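The residues making up each chain are set out below.
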Amino acid sequence: MKPPVPLHHWALAATTALTLVVGGLAIAVTRPAQAAPVGAGSYTTTPVGALPSGCGAMSSNPRQFATANAPAGAIPTNDWWSSLLWKRTDCAFSEPLHAHPVSYDTFTDGLGFSANSTPAISGTATGVGEYHYPYVQDIRVGVAGLGAPLVKVDGWTDWTVSPYWSDGARTMRATIGHGLPLAYFQTSGGDAVISTAGTAEVWSNGGATVGFRVNGHDYVGYAPSGATWTVGAGRISSTLAGRGYFSVALLPPTASATERADLAATYGRYAHAHVTGTRVSYAYDPSTSGLTTTYAFTTTAREGTATQTVVSLYPHQWKSLSGSSAITPTYPSARGRMRVLTGVNQFRTAMKFQGVLPELPAVGDGSGADLATLTGHLAAARSNPMDQRGADTYWTGKGLGRAARLAEVADLVNDTATRDSALNAIRSTLTDWLTASSGETGKVFHYDGNWGTLIGYPASYGSDQELNDHHFHYGYFIAAAATLAKFDPAWAATSRYGGMVDLLIRDANNYRRDDTRFPYLRDFDIYAGHDWASGHGSFGAGNNQESSSEGMNFANALIQWGQVTGDSAVRDAGIFLYTTQAAAIQEYWFDVGDQNFPAAFGHSTVGMVWGDGGAYATWFSAEPEMIQGINLLPVTGGHLYLGYHPAYVRTNYAELVRNNGGQPTVWQDILWQFQALGDGAAALANLRANPGYTPEEGESRAHTFHWVRNLAALGTVDTTVTANHPLAAVFSRNGARTYVASNPTANPITVTFSNGTTLAVPAGRTATTGAYTWSGGSAAGGVPPGPTPTDPPPTTPPPGSPTRYLLPGGGLGAAGGAATTTVAAANGNHDGTPTNPQVFTATGLNLAYTGGQTGFDLFVDAGTAVGNGVQVRVSYDLTGNGGWERVETSRYFATDPVPGYEHYTQNAGLASATGTLGALSNGTVRVEIWSAIGNNPTTLGIGNQSVLRLPYS
């Protein structure tokens, strides 16, 4: 730990520093070569290492590539359009800008458009593979004679950017953005020109509007009223009637000329209401656990009275759309189908925040032999809780994360010695890093005003020169600070080190628009719904992000820190990031609905998302364990979103085993912890069978055992129930729920769940109810309290009941509330072979066989989809030893194209059957339901709807 800063140094800072108050936080603005105090912590304003530079090594000032019109304050980085301003590889123009549904590129004579809808797929379905929708130019829009030496940035808003061209005689300003099928232009000095790739097929040319097709894609140019378009070979131009504005739209693919004409007319109503601003706002309602997000558009009417616009929505948006209706047809994109809204100034999404925990409760390892195993692992880690593998910000963060997990687990089982050792390591490390001494060059943060960023040194993975990964690195620091704050609230006070923690938050994802030292939400792409890792984004494939789970580690850290410190603004920002990104990850990294990846890609997950696609790959390894594992680590109580779809967890893990040619041999602990979210018993068996595994660099044997053992007891995450408290979760096993909540405050609370269950949580404790009731210790020690009487007893079928309903979370038990789940599309023929199945399981069954056959009544609905068919397989493990003595596969059921449930029953007949039935003695029954044929998903009614009737008594 550093020595205290000498008194004369503080006196100097006090006499030469101005104080800036931002959001109630006093920040010193000092002269060069001084440490700027923030409470008891500080950062340096003196460069201590490599700094970012735009245009190679030519300049460290990105403002040279912005016009005087560009917004004041810190420049954005880590965005889909960052290569426009950064110019890492080209000192004049940008790399392709993948906005969706259009991709753009900048050239000396204008703006290129690509609507490429044909994926380029490389690699194999069992090895490294990628899919991209690369930039393939259809048209280029410019001004006649334009020859700009470079393109600058004239402005930006939350998800738009305005590139600007000037050659001294001619100018052009464009506005492009995520989700905008229209691009808007203002020009001077010459005619507007649309150059086409080859000769365009012009299908409409009437006055101010021209419609044409290039490379199979339909575009419309909208000139001012009174203007006309002139069509020539490879060129469409207009004088714009001397008014200097126009717009160009990409239309969705259409089936008929009439539909195309109707869309062109509809878009035309809003073509001259140029989008000049975009802004997100969000609201979290703890009483309902609801997150409402508003995406708003500001327009300027160049002519006419229309003030609305046309937008297209990504899957994570339209699947949660509230109060609006999207039209068809849709746009293809690298993220899946985009749906269109016309005539809007805003749209809203409504999502449920499912809750997070500091750590899983100790319901399975809180006593007996398992407690002895856990405490042995904790004792082994006590002397070196961080086990740090490097001195830079990333590896220091990983060590802090390891220590935080140990502290949380140790506290739950009252191992105060290990807990306090971990907390001491966290406290000394954070205090060291969050304090800058004069002349210091390591374990220090530096604020750089040119780029508006706080850089930690030693840096790594481009976190200094390229501003990469700040959310990855700093998320570990903030999460560890949140754990420390529970036990040492004085350390976390703003007047001590809380102010520096807040600066780390604001650097990576500034949640305050009035703080112009940092860009608003630097690493988070507001419209795309997820983070970008690269600061410059200067790749042909656009920006990229590998470890979505480390991005979620940052979001969870904000929730934990905000809750423990009472800062609701930070907590709510974390909930916005977490909930939105959880939805995006399910769509774009995991594709849980099997709708977004190209059908020929062959993988159920990607290791990296690119602006124009995705890759089953990483930057550092071709091993399947790491390709899939990089989006799973670190495993914390804030990563329960990984288990929202237990059937997908099993699909993901099965792909790993298939691609690896067997069970994992590296990062086994990370992968078993993920597996436990879909099948806790299998994960625990894997863990117990491999005691000599090598822990991942940020993990410990104690935490891995705790996580896997307790999920084997808790079951899977139950997303049908939420809570009025952010640190809460619900789990379901064999139809019985366990409710969990954590209270980091000094006063007891009562948490109410959406189904009416209440849970009293003492101060400083984690409490559970339902199948188990147990609470961990607190900073002052403590013992587990007795049962909590407010929770209703779990509803379970009688021990001899042969009737089992299909339940949310994958159980087979007594009827619950009506619910639905989605059976993924087949996109191929999978008759007889379960593929991406929904799985429901009952264990511990003791029933007498009565003869006869299995009965079932499944509620299925494929809506208006044609050619869909679902299939079911029922398997019996008579003794619970892991072997299936009887497997029955029924013929698939062809659903009709009429909305409304149909009944798929045993009357469909058996397609195949193996083995024989007999008595169930601690037995297991498993039901698998999948799409055998069809290109569309099917809805399956569960809870109190689909039922399994066993031939038992």
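Residues numbered from 1 in each chain as written. Predicted model: local features only at pLDDT ≥ 70, side-chain atom pairs only at ≥ 80, totals over all residues. Heavy atoms only, no water.

Turning to the sheet that holds strand 8 (residues 120-123), a few remarks are in order. Taken together, the five strands give an open sheet; going across it, the order is 8-9-35-34-33, and neighbouring strands pair in antiparallel fashion. Edge positions in the open sheet fall to strand 8 and strand 33 (544-545), since each of these has one partner strand only. One ladder, built from three bridges, connects strand 34 (residues 608-610) with strand 35 (residues 613-616); its direction is antiparallel. Looking at strand 35, one finds that Trp-610 is bridged to Gly-613. (Pairing = 2+ DSSP bridges. Helix = DSSP H or I, 4+ residues; strand = E, 2+ residues; numbered from the N terminus.)

A separate point is the nonpolar core. Of all hydrophobic cores here, the largest spans 218 residues; its most connected members are Phe-113, Phe-185, Ile-478, Trp-561 and Phe-731. At 11 residues, the largest contribution of residues to this core is made by helix 8 (residues 470-487). The residues touching Phe-185, leaving out its near neighbours within four places in the chain, are Leu-111, Phe-113, Val-141, Met-172, Arg-173, Ala-174, Gly-244, Tyr-245, Phe-246, Ser-247, Val-248 and His-274. The next biggest cluster of nonpolar side chains, apart from the first, holds 28 residues, and it includes Leu-806, Leu-858, Leu-920 and Val-925. (Core = buried A, V, L, I, M, F, W, Y, C linked by side-chain atoms within 4.5 Å. Buried < 20%, exposed > 50% of the residue type's maximum accessible area, 1.4 Å probe, protein only. Contact = heavy atoms within 4.5 Å.)

Let's shift gears to the pairing of strand 37 (residues 728-733). Buried residues dominate strand 37, accounting for five of its six residues. As defined by bridge partners, strand 36 (residues 716-717) adjoins strand 37 across two bridges and the pair is classed as antiparallel. In the sheet register, Val-717 faces strand 37, and the bridge partner there is Phe-731. Alignment of strand 37 against strand 38 (residues 736-743), held across six bridges, turns out to be antiparallel. Along strand 38, the bridge assignment pairs Phe-731 with Thr-738. Where strand 37 hands over to strand 38, the hairpin turn is made up of two residues, of which Asn-734 adopts a positive phi near 50°.

For the bond running from His-100 to Pro-101, omega is 10°, close enough to zero to count as cis. Turning to its location among the elements, Pro-101 is positioned in the loop between strand 5 (97-98) and strand 6 (103-107). A cis geometry characterises the amide bond from Leu-633 onward to Pro-634, with omega recorded as -5°. Its location among the elements puts Pro-634 in the loop between helix 12 (624-629) and helix 13 (646-660). Here Asn-836, not a glycine, exhibits a phi torsion of approximately 50°, which is positive. Assignment of secondary structure puts Asn-836 in the loop between strand 44 (819-823) and strand 45 (838-847).

As a further point, take the confidence of the model for the protein chain. Low-confidence regions, as indicated by low pLDDT, have predicted coordinates that should not be scrutinised in detail. Considering every residue of the protein chain, the mean pLDDT works out to 91; 93% of them sit at 70 or more. Mean pLDDT across the elements of the protein chain bottoms out in helix 1 (residues 7-16) (26) and peaks in strand 13 (residues 171-177) (99). This model gives residues 1-33 a pLDDT under 50, and the stretch forms 64 contacts once residues within four places in sequence are excluded. The low-confidence segment residues 771-800, where pLDDT is below 50, has 77 contacts with residues more than four positions distant or belonging to other chains. (pLDDT = per-residue confidence, 0-100.)

Assignment of secondary structure puts Tyr-267 in helix 3 (residues 257-268). Take Tyr-267: its relative accessible area is 0%, and that puts it in the buried class. Remark: the alpha-carbon pair of Tyr-267 and Leu-878, spanning 611 residues in sequence, is separated by 63 Å. Not counting residues within four places of it along the chain, the set of residues in contact with Tyr-267 comprises Pro-181, Tyr-222, Ala-249, Leu-250, Leu-251, Pro-252, Val-310, Tyr-331, Val-340 and Thr-342.

Here we come to helix 11 (residues 568-588). Counting along an α-helix, one turn takes 3.6 residues, and residues three or four places apart therefore face a common direction. With 21 residues, helix 11 extends 29 Å between its outermost C-alpha atoms, agreeing within 8% with the 30 Å of an ideal straight helix rising 1.5 Å per residue. Burial analysis of helix 11 places 19 of its 21 residues in the buried class, which makes it a mostly covered element. Its side-chain oxygen placed 3.2 Å from the backbone nitrogen of Ala-569, Asp-567 serves as the N-cap of helix 11. (Expected span 1.5 Å × (residues − 1). Polar contact = N/O pair within 3.5 Å; in protein donor to acceptor, adjacent residues only side chain to side chain.)

What follows concerns the packing of helix 10 (residues 548-565) against helix 11. With their axes 7 Å apart at the nearest point, helix 10 and helix 11 run at an angle of 155° to one another. Taken as axis vectors, helix 10 and helix 11 run roughly antiparallel relative to one another. Both helix 10 and helix 11 take part in a crossing whose hand is left-handed. Packed against helix 10, whose contacting residues are Ser-548, Gly-551, Met-552, Phe-554, Ala-555, Asn-556, Leu-558, Ile-559, Trp-561, Gly-562 and Gln-563, the element helix 11 presents Val-570, Arg-571, Ala-573, Gly-574, Ile-575, Leu-577, Tyr-578, Gln-581, Ala-582 and Ile-585 at the interface. Grouping the amino acids of the contact of helix 10 with helix 11 by side-chain chemistry returns 13 nonpolar, seven polar and one charged. (Axes fitted to C-alpha atoms, helices over the stretch in contact; angles between N-to-C directions. Parallel < 35°, antiparallel > 145°, perpendicular 65-115°, else oblique. Left-handed = near helix turned anticlockwise from the far one by under 90°. Nonpolar A, V, L, I, M, F, W, Y, C, P; charged D, E, K, R; others polar.)

Residue placement: Ile-585 occurs in helix 11. Taking the relative accessible area as the measure of exposure, Ile-585 reaches 0% and is therefore buried. C-alpha of Ile-585 to C-alpha of Gly-529: the two residues are 56 residues apart in sequence and 8.7 Å apart in space. Excluding residues that lie within four positions of it along the chain, Ile-585 makes contacts with Ser-548, Met-552, Phe-590, Asp-591 and Tyr-641.

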